[in-house]
Amino acid sequence: MAIQSVRGMHDLFGDDLAKWHAAESRIRRVFTEFGYGEIRTPALERLEVFKETVGEDTDIVQKQMFLVSDPAIEALLDSLKRGEREASKIDTALSDLARVGERYVLRPEGTAAFIRAVIQHQLHRQPHAQRYYYYLPMYRYERPQKGRLRQFHQFGAELINDPSPEADAEVIVLLDHLYRSFDLKEYEIRVNNVGCPGCRPKYREALRDYFRPRLKELCPQCQERFERAPLRVLDCKNEDCQRIASAAPIGLDYLCGNCRSHHQGLKTALTLGGVQFQEDPRIVRGLDYYSRTAFEFVSTLLGAQSALVGGGRYDGLAERFGEKPIPSVGFALGMERLMLALDAKGTLAFDKPRPSYYFAPLGNAAFERLFPLSLELKRRGVWTEIGYERGKGLKAMLKQADRAGALYAVILGDDEIGRSVAVLRNMQKGAQEELPLEALDDQLFRRIHRAV
Ligand code: AMP
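Now for a look at the structure at hand. Please read these numbers as outputs of a predicted model, since none were measured by experiment.

Thresholds, definitions, all that
Residues numbered from 1 in each chain as written. Predicted model: local features only at pLDDT ≥ 70, side-chain atom pairs only at ≥ 80, totals over all residues. Heavy atoms only, no water. Helix = DSSP H or I, 4+ residues; strand = E, 2+ residues; numbered from the N terminus. Rg over C-alpha atoms; globule rule 2.2 N^0.38 Å. Buried < 20%, exposed > 50% of the residue type's maximum accessible area, 1.4 Å probe, protein only. Contact = heavy atoms within 4.5 Å. Areas by Shrake-Rupley, 256 points an atom, 1.4 Å probe, with all protein chains shown as cover. Pairing = 2+ DSSP bridges. Axes fitted to C-alpha atoms, helices over the stretch in contact; angles between N-to-C directions. Left-handed = near helix turned anticlockwise from the far one by under 90°. Nonpolar A, V, L, I, M, F, W, Y, C, P; charged D, E, K, R; others polar. Expected span 1.5 Å × (residues − 1). Near = heavy atom within 4 Å. Polar contact = N/O pair within 3.5 Å; in protein donor to acceptor, adjacent residues only side chain to side chain.

A separate point is the overall build of the protein chain. When helices and strands are counted, the protein chain shows 17 helices and 16 strands. A compact globule built from 452 residues should have a C-alpha radius of gyration of about 22 Å, whereas the protein chain, at 29 Å, is more than 25% larger. C-alpha atoms of the protein chain, sized along the principal axes, occupy 95 × 75 × 50 Å. Out of the 452 residues belonging to the protein chain, those deemed buried represent 49%. Sequence-distant contacts in the protein chain: of pairs separated by 6 or more residues, those separated by 24 or more amount to 70%. As presented, the protein chain carries roughly 23000 Å² of accessible surface, and 50% of it is formed by carbon and sulfur atoms.

Below you can see the structure in the form of structure tokens.
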């Protein structure tokens, strides 16, 4: 079999990519209209960026990261393998290793990398809220299935320097507006409050007390992690865990006064923003860094992987990099899932770009006239194509013009040259007219510019 792309990583081209472009430009527009500016971070980060932030107990850190080996390590292994006797070379490789001394990972999610960049560039040292968005590929070593890939793409928004519940509401309203602008309404907005470092320990204790007598019924992974990360049992996908978790104590009952009023503030702001939502105590999100607000948009159009987008507040994330807390809220939405939902509805209109003119020269003399003309029009911003193969008949040329999806064919043969005209054929209607060869480029240019 011919060589294949890596499992769970796909090529994108043709009509599918044209749809992505249409969706991407709409999403970028909405972000811009809401005041979010783009940030791009590198694909490779130091392992600690995620290890210390996303959480040791999370699937991402435990088993889903693509580690990238350092060239210094490779060089050392290589020289050892070759039985390199030259001590100096091994010494150099070892000192390179000591200098690098770290491991890299392909970015599995955007938020921790974003906060790393915020701190590195001191973006939070501004007196007011800052709004950023990113659009980047993510890499997770997951078992691929519909809507779950190993390379996937996320649009994310991050609003920093604002601790208020209205900031949380803003990003949810943005998302609701965004999906609706795609005519997508088949989703539920589920919100929760997962507490703060002040009140969460009490809730975690209550969960441990609840799960302890039922420990044997939990899946092996939850049995293992329930002491360290009892909240994670709540969003375990195992059926037994879900059944037991359905009667577990509810986090909202354990919130401290500040978290409770934050939650109330969020609900009020969402209502003022005209957004319908549901409270769902099971939304705890897989990652460690969330505090207070956590939310997901869940769609019936998606099958098993039903989350369109997930997000929440992560004020404490910066502390894991040794900084003071940075009040922040954000989300990450999966492009592949959005496209699946739009395909299920079949509503995404997209413009397939097409050439304006297909030049059909019938013979050498015609080619020498049309070739410079087609290049000149390209330079003026008009998409033209030309049949390079001389000696093809008119029928074959028109077939190519049709295949290229051109709006018009420009036909030129010896007869037309003799009469100083060219034939313009409307490819959709089949109607033809003659244009003077004199200043043909201007005539063709104006026709397209008038049309748009
Ligand atoms: P997470 O970063 O896991 O909170 O995921 C946020 C969003 O990214 C999800 O709601 C999905 O839309 C999307 N997503 C997460 N993991 C994958 C994956 N493996 N393949 C495709 N989309 C994903």
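Here the narrative resumes, following the displayed structure.
Let's shift gears to the pairing of strand 16 (residues 432–436). In this sheet, strand 16 lies alongside strand 15 (residues 421–426) in antiparallel orientation, the contact comprising five bridges. Directly across from arginine 425, in strand 16, lies its bridge partner glutamine 432. Between strand 15 and strand 16, which pair antiparallel and follow one another directly, the connecting turn spans five residues, one of which, glycine 430, has a positive phi of 80°.

Pairing between the strands of a sheet is mediated by backbone hydrogen bonds and can be parallel or antiparallel. The three strands are arranged 2-4-3 in an open sheet whose pairing can be described as antiparallel. Looking along the sheet, the strands with just one partner apiece sit at the ends: strand 2 (44–46) and strand 3 (67–68).

This brings us to the packing of helix 1 (residues 14–33) against helix 7 (residues 165–181). Two elements in contact, helix 1 and helix 7, have axes separated by 10 Å at closest approach and are oriented at 145°. Crossing of helix 1 over helix 7 shows right-handed handedness. Within the contact between the two elements, helix 1 uses Arg26, Ile27, Val30 and Phe31 and helix 7 uses Leu174, His177, Leu178 and Ser181. Along the lines of polarity and charge, the residues of the contact of helix 1 with helix 7 split into five nonpolar, two polar and one charged.

Turning our eyes to something else, we now look at helix 8 (residues 200–211). With 12 residues, helix 8 extends 16 Å between its outermost C-alpha atoms, agreeing within 8% with the 16 Å of an ideal straight helix rising 1.5 Å per residue. Those residues of helix 8 not exposed but buried are Arg200, Tyr203, Ala206, Leu207, Arg208, Tyr210 and Phe211.

Every one of the 15 residues lining the ligand counts as a neighbour, but Arg140, Glu142, Leu149, Gln154 and Arg285 are closest to it. Within the backbone of alanine 307, a nitrogen or oxygen atom sits 3.1 Å from an oxygen atom of the ligand. Contact with the protein chains hides 91% of the accessible area of the ligand, taken as 480 Å² for the molecule alone. Elements that contribute at least two residues to the shell around the ligand include exactly strand 6 (151–160), strand 10 (307–313) and strand 11 (328–334). In terms of residues, the shell around the ligand owes the most to one element, strand 10, which gives four residues. The residue inventory of the shell around the ligand, partitioned by class, reads six nonpolar, four polar and five charged.

Here strand 6 lies mainly inside the structure; 10 of its 10 residues are buried. Burial of the side chains of strand 6 extends over both faces: Gln151, His153, Phe155, Ala157 and Leu159 are buried on one face and Phe152, Gln154, Gly156, Glu158 and Ile160 on the other. Of the strand pairs in this sheet, strand 5 (residues 130–139) and strand 6 are connected by 10 bridges, and their pairing is antiparallel. Bridge pairing in strand 6 links tyrosine 139 to glutamine 151. When strand 6 meets strand 11, the two strands line up antiparallel, connected through seven bridges. Residue pairing for strand 11: phenylalanine 155 is matched across the bridge by leucine 333.

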